[in-house]
Amino acid sequence: MNALESRTMRKVTWRLVPFLMACYFIAYLDRVNVAFAGPSMMEDLGLTAAAFGGAAGIFFIAYFFFEVPSNLALNKFGARVWISRIMVTWGVISGAQAFVTGEVSFYVIRLLLGIAEAGFFPGIIFYMTLWFPAAYRARIIGLFMFAIPVSTVIGSPISGFILDLHGALGLQGWQWIFLIEALPAIIMAVGVLVYLTNRPAEADWLTDEEKTWLQGRLDDERKTREAHFKKDWFRSAFNMRVMALGLVYMATNIPQYGLSFFLPQIIKEFGVSDIKAGFIATLPYLAGGLGMIIWSRNSDRTGERVWHCIIPFIAMIIGLGAAALADSLLLKMALLCVAAWGFFSVLPVFWSLPTSFLSGAGAAAGIAAVNSIGNLGGYIGPQIFGLLKTTTQTDSAGLAFLAAVAAAGGLLVWLLGHNPDLENPDGRRG
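Everything numeric in this text was worked out from a predicted model, so none of it was measured.

### A few points about the overall build of the protein chain
- Scanning the protein chain from terminus to terminus reveals 19 helices and 0 strands.
- What you see for the protein chain is a C-alpha radius of gyration of 21 Å, in line with the 22 Å of a compact globule of 430 residues.
- Across its three principal directions, the C-alpha atoms of the protein chain cover 60 × 45 × 40 Å.
- Burial status across the protein chain gives 61% buried among its 430 residues.
- Of all intrachain contacts in the protein chain linking residues separated by at least 6 positions in sequence, the fraction that spans at least 24 positions is 83%.
- As displayed, the protein chain has an accessible area near 15,800 Å², and 68% of this comes from carbon and sulfur atoms.

This is how it looks when you write it as C-alpha cells:
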C-alpha cells in the first residue's frame, strides 16, 4: 500500500464510518427495543407470545416490498437526502409505538415502521461501494455493523433503566422506551443532511490527488465487475445468484432475530429483574461484536470469503442446539455467546459477496433484493419462535428450530462457494 492510498483511505474511514455507525446504532436500537418493552407490554395489552412475535416481525414484511424502490430512490436522489428522509419518518413512527392499545394497532404501527425504515441498511451498503474499494469492504462493513452489538450492549441497560420510569406522567415504562429512544433518529436526520457527502467528487475534505486516486480505483473495479456481470437494475434484482444470497442472509436473520426478540424473556424466566436482564442480555452481543471486527479483518487479510461465512454458521448450530438443552442460566448464556459470535461474525464477510459482482444501479437494486429476501427472516424467526414458545411453554423447541435454519444456511454457502462468480477482491476463488 502506497502513501497516497493509505492517507486517502484513512481519511475516508474516519470521516464516514463513525458517523454511519452512529446512524445504524440508532436504527437498530429503534428496531429491537420492542424486545425490552415486550414483557411488560404483553402483560398490559394482553398479548400472547405468538401475537407479540408476529407483530414484532411484521416490520420485515413491509421491508421486503419497499427495499428495492427505496434503494433506487437513494441512487437517484443521493444518500444525504434519502437517508435523512428515512431517519425522520422511522423516528416519528417508532415513537408512535408508545400509543398502541392492542394487537391490531401494534401490527399496524410495526408495519408502518418497516415501510419507513426500508432502504436504510442496503442504502448504506450501496453507499459504501461508492467510497471503499473491494479489498476494504469486509472490515469496513464490520466496523459499520459493529453498531448492532454496541446498540444492545448500551441499549439493554438503558432500556432496563427506562422501564423503571413506570408511572411517570401516567405512562408505562414500555411507553417511555419508545418515546425516549425515538428522539435520536429525528435529531440525527439533521446531521445527515449537514455531514454526509454523496460521492468522492463532492468531497471538499479530500485533496484533488486523493479524489482522483480513489475514483480511479473504484472505476477500475466497476469496469472489471461489469465485464463479467453487467445487468440493469431489474435483472440484477432477480438474478439467481442474488436470490440465493438472499436466502443465505435469511438463514442468518431467522436465528438472530428469533433469539433477540425473545432473549430478555428467556433471561427473565430465571427470575432476574428488568435491570439485571438488561445487563445479562449484553453478553452475547459483546462476544458477537468482538468476533465481527476480528473475523472481518482476517477475511480481508487472507482474501478468503466462503469459509469465513461457513464457520460462523457452524458456531450458530453448536451454540443454539446445545442451548436448547441447557437448564441453567450460566450455561445457556455461555452457549448463546457462541451462537452470537456466529450471528455477527458472518455478516460483514457475507456482505462482501454481493458487492463483489454488482455495480451501479444494479448494485443498488441487487443489494436491496438480498436484504429484502433476507429480512423476511426477521419476520419468520420471531413468528415461529413465538408460536413454538406458546405451544410448548419452553424455549427449547424454538432454539432447536433456529439451529436447524443455521445448518441450512451453512450448507447453502458451501454450495455457492463452488460458483466461480463469488470471487475475492483480487480475483481468486473464495
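Right, picking up where we left off after that structure.
### Quick look at the pattern of salt bridges
- For the structure on display, the rule yields 11 salt bridges.
- Residues joined in a network through salt bridges with shared partners are Glu5, Arg137, Arg217 and Glu221.

### Remarks on the packing of aromatic side chains
- What the rule picks out here adds up to 21 aromatic pairs.
- Aromatic pair Trp295 and Trp341: ring centres 5.2 Å apart, planes at 70°, arrangement edge-to-face. Placement of Trp295 in helix 14 (residues 282-302) and of Trp341 in helix 16 (residues 329-351) is noted, with a sequence separation of 46 residues between them.
- Take Trp295: its relative accessible area is 17%, and that puts it in the buried class.
- Judged by relative accessible area, which is 23%, Trp341 ranks as partly exposed.
- Through successive ring pairs, a cluster of aromatic residues spans Tyr24, Trp90, Phe120, Phe121, Phe144, Tyr249, Phe350 and Trp351.

### Structural notes on the side chain of Arg305
- One can find Arg305 in the loop between helix 14 and helix 15 (306-323).
- A relative accessible area of 3% means that Arg305 is categorised as buried.
- In this structure the side chain of Arg305 is engaged in a polar contact, spanning 3.0 Å, whose partner is the side chain of Asp300.

### A look at the environment of Leu259
- For Leu259, the location among the structural elements is in helix 11 (residues 240-260).
- C-alpha of Leu259 to C-alpha of Asp395: the two residues are 136 residues apart in sequence and 9.6 Å apart in space.
- Discounting residues that sit within four places of it in the chain, Leu259 has contacts with Ile266, Leu320, Leu336, Phe343, Leu399 and Leu402.

### Some thoughts on the packing of helix 3 (residues 79-96) against helix 4 (residues 103-117)
- Their axes nearest at 8 Å, the elements helix 3 and helix 4 cross at an angle of 170°. Between helix 3 and helix 4, the angle is such that the two are roughly antiparallel. Here helix 3 and helix 4 pass one another in a crossing that is left-handed. Contact with helix 3, carried on its side by Arg85, Ile86, Thr89, Trp90, Ile93, Ser94 and Ala96, involves Ile109, Leu112, Leu113, Ala116 and Glu117 of helix 4 and no other residues of that element.
- Per-class residue counts for the contact of helix 3 with helix 4 are 8 nonpolar, 2 polar and 2 charged.

### Remarks on a nonpolar patch on the surface
- Taken together, the side chains of Trp307, Ile311, Ile314, Ile317, Ile318, Val338, Leu411, Trp414 and Leu415 present a nonpolar region at the surface, about 820 Å² in accessible area.
- When residues of the nonpolar patch are traced back to their parent elements, those giving at least two are helix 15 and helix 19 (396-416).
- Among the elements that line the nonpolar patch, the one with the most residues is helix 15, at 5 residues.
- On the secondary structure map, Ile311 appears in helix 15.
- According to the relative accessible area criterion, Ile311 is partly exposed, its value standing at 36%.

### Section: unusual backbone geometry
- Within the chain, Leu169 stands out as a residue other than glycine whose phi angle is a positive 55°.
- Of note, Leu169 is situated in the loop between helix 7 (147-163) and helix 8 (173-195).
- Classification of Leu169 by relative accessible area gives exposed; the value is 76%.

### Digging into the environment of Asp300
- Here Asp300 shows up in helix 14.
- Asp300 gets classed as buried once you look at its relative accessible area, which sits at 11%.
- For the pair Asp300 and Ser352, spaced 52 residues apart in the sequence, the C-alpha separation amounts to 9.6 Å.
- Excluding anything up to four places from it in sequence, Asp300 contacts Ala135, Tyr136, Arg137, Ala138, Arg139 and Arg305.

### Focus on helix 3
- Under the 1.5 Å per step criterion, the end-to-end length of helix 3 is 26 Å for 18 residues, consistent within 8% with the ideal 26 Å.
- Of the residues making up helix 3, those classed as buried are Ala79, Trp82, Ile83, Ser84, Ile86, Met87, Trp90, Gly91, Ile93, Ser94 and Gly95.

### Points about helix 5 (residues 120-129)
- Judged by how many residues are buried, helix 5 sits mostly within the fold: 10 of 10 residues are covered.
- Turning to helix 5, its buried residues are Phe120, Phe121, Pro122, Gly123, Ile124, Ile125, Phe126, Tyr127, Met128 and Thr129.

### Looking at the confidence of the model for the protein chain
- Confidence along the protein chain averages 85 in pLDDT terms, with 91% of residues attaining 70 or more.
- Ranking the elements of the protein chain by mean pLDDT puts helix 10 (residues 233-237) last, at 62, and helix 15 first, at 95.

What counts and what doesn't
- Residue positions are counted from 1 within each chain, in the order its sequence is given.
- The predicted origin of the model limits local features to residues at a pLDDT of at least 70 and limits the giving and counting of side-chain atom pairs to 80 or more, whereas totals for whole chains, interfaces and linings rest on all residues.
- In computing side-chain properties, one takes all heavy atoms of the structure into account and sets aside hydrogens as well as water.
- Runs of H or I in DSSP of at least four residues are treated as helices and runs of E of at least two as strands, each being numbered from the N terminus.
- The globule rule used for comparison is 2.2 Å times the number of residues to the exponent 0.38, while the radius of gyration itself is calculated over C-alpha atoms.
- Throughout, exposure labels follow a simple rule: accessible area from a 1.4 Å probe, protein chains only, divided by the maximum for the residue type, with under 20% read as buried, over 50% as exposed, and the rest as partly exposed.
- Any two residues whose heavy atoms approach within 4.5 Å are treated as being in contact.
- The protein chains shown are the only cover counted for residues, whose accessible areas, like all others here, come from Shrake-Rupley with a 1.4 Å probe.
- Here a salt bridge means any side-chain nitrogen of Lys or Arg lying within 4 Å of a carboxyl oxygen belonging to Asp or Glu.
- In this analysis, rings of Phe, Tyr and Trp, with Trp reduced to its six-membered ring, are considered paired at centre separations within 6.5 Å, and the interplanar angle assigns stacked below 30 degrees, edge-to-face beyond 60, and tilted for intermediate values.
- In protein, a polar contact means a hydrogen-donor-capable atom and an acceptor-capable atom, both N or O and within 3.5 Å, with residues adjacent in sequence counting only if both atoms are side-chain atoms; elsewhere, any N or O pair within 3.5 Å suffices.
- Only the contacting stretch of a helix is used when fitting its axis, a line to C-alpha atoms as for every element, and angles between N-to-C directions run 0 to 180 degrees.
- Roughly parallel refers to an angle under 35 degrees, roughly antiparallel to one over 145, roughly perpendicular to one between 65 and 115, and oblique to any angle outside these ranges.
- Note: crossing handedness is left-handed where the near helix turns anticlockwise from the far helix by less than a right angle, and right-handed where it turns clockwise.
- For this classification, Asp, Glu, Lys and Arg are treated as charged, while Ala, Val, Leu, Ile, Met, Phe, Trp, Tyr, Cys and Pro are nonpolar and the rest, including Gly, are polar.
- Each patch is assembled from residues with relative accessible area greater than 30% and no salt bridge, linking like charges that lie within 9 Å and nonpolar side chains (Val, Leu, Ile, Met, Phe, Trp, Tyr) that lie within 5 Å.
- A helix is expected to span 1.5 Å for every residue after the first.
- Per-residue confidence from the prediction method is given by pLDDT, with values spanning 0 to 100.

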